[in-house]
Amino acid sequence: MPPANPCCKETEDVAPHPNEKPRVISARLAAALSRRGVHYGWVVVATTFLTMLVTAGAVGAPGVLLLPLQREFGWSTAAISSALALRLLLFGLMGPFAAAFINRYGVRKVTLSALCLIALGLALSLGMTEIWQLVLLWGVIVGLGTGLTALVLAATVSTRWFNARRGLIVGLLTASSATGQLIFLPLLASIATRSGWRSALILVCALLGTAALLVWLLMRDRPADLGLAPLGTADA
């Protein structure tokens, strides 16, 4: 039997890990920013801000689309409101579980899962025809997804990446929720009026996909993943 080709063995040994590409991108970006005196924590804050901004738009979207749903399906306000109430209930109840999930699986995985859950619930609702589908998709799935990106995400990012300016970071990330609704609610209402509620949901799904891509590329769980210390320490 001919001996194994050592080149092939070497190629197999250095096969890239699926997460290697985003890690390399983050490392190169962190090095480039460090040369300019900018900590990579600000990239994480910007990514988190965008995530919470888009999530806030997804949270507020069902309220804007209440009247179009009534006109198309004939559902009562009480029936639609029950789905929205369930979503808000799960949004609040998921806070402690979100913190546990982040500690166990990491910020990046939990945030990606949350964005995918929200996008899945909204995308599937494009074909809904029954009220129970609205409750399941907008109430349960979107409620669970938005709950994973509640205020615990802002607290975790500020604590892990910053020893200084934590109050500023928490304030910025908290403001993203109000900013998201301020930006998206009038926009979604205008799109729903001109092009239908499905067009408004497609826009939200596209924005959620963009945020998920940025989280996959740029979000890191801890500064140590890039060989950094939190901003505000002596060696940061």
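Below, the structure is looked at part by part.

The rules behind each value
- Residues numbered from 1 in each chain as written.
- Predicted model: local features only at pLDDT ≥ 70, side-chain atom pairs only at ≥ 80, totals over all residues.
- Heavy atoms only, no water.
- Salt bridge = Lys/Arg side-chain N within 4 Å of Asp/Glu carboxyl O.
- Helix = DSSP H or I, 4+ residues; strand = E, 2+ residues; numbered from the N terminus.
- Buried < 20%, exposed > 50% of the residue type's maximum accessible area, 1.4 Å probe, protein only.
- Core = buried A, V, L, I, M, F, W, Y, C linked by side-chain atoms within 4.5 Å.
- Contact = heavy atoms within 4.5 Å.
- Lys, Arg positive; Asp, Glu negative; His and termini not counted.
- Polar contact = N/O pair within 3.5 Å; in protein donor to acceptor, adjacent residues only side chain to side chain.

All right, on to the pattern of salt bridges then. Using the criterion set out here, one finds 1 salt bridge in the structure. Glutamate 72 is the salt-bridge partner of arginine 198, the closest N and O atoms lying 2.9 Å from each other. Of this pair, arginine 198 sits in helix H10 (residues 197-218) while glutamate 72 is found in helix H4 (residues 66-73), placing the two residues 126 residues apart along the sequence. The partly exposed category is assigned to glutamate 72, whose relative accessible area is 40%.

A few words on the nonpolar core. Counting 62 residues, the largest nonpolar core has Tyr40, Leu69, Leu122, Leu134, Trp138, Val157 and Leu208 as the members making the most contacts within it. What tyrosine 40 contacts, discounting residues up to four positions off in sequence, is Ser26, Leu29, Ala30, Leu33, Trp161, Leu218, Arg220, Leu226 and Leu228.

Tracing the backbone through its elements, the reader meets arginine 160 in helix H8 (residues 151-161). One buried charged residue, arginine 160, remains without a salt bridge, the closest side chain of opposite sign being aspartate 221 at 5.0 Å. Of the polar contacts made by the side chain of arginine 160, one reaches the backbone oxygen of aspartate 221; its length is 3.5 Å. Setting aside chain neighbours within four positions, we find arginine 160 in contact with Ile102, Asn103, Val107, Asp221, Arg222, Pro223 and Pro230.

Mapped onto the fold, glutamine 133 is located in helix H7 (residues 131-148). Within the structure, the side chain of glutamine 133 is placed 3.1 Å from the backbone nitrogen of glutamate 130, a separation counted as a polar contact. In this view, glutamine 133 contacts Met128 and Trp138; residues no more than four positions away in its chain are not counted.

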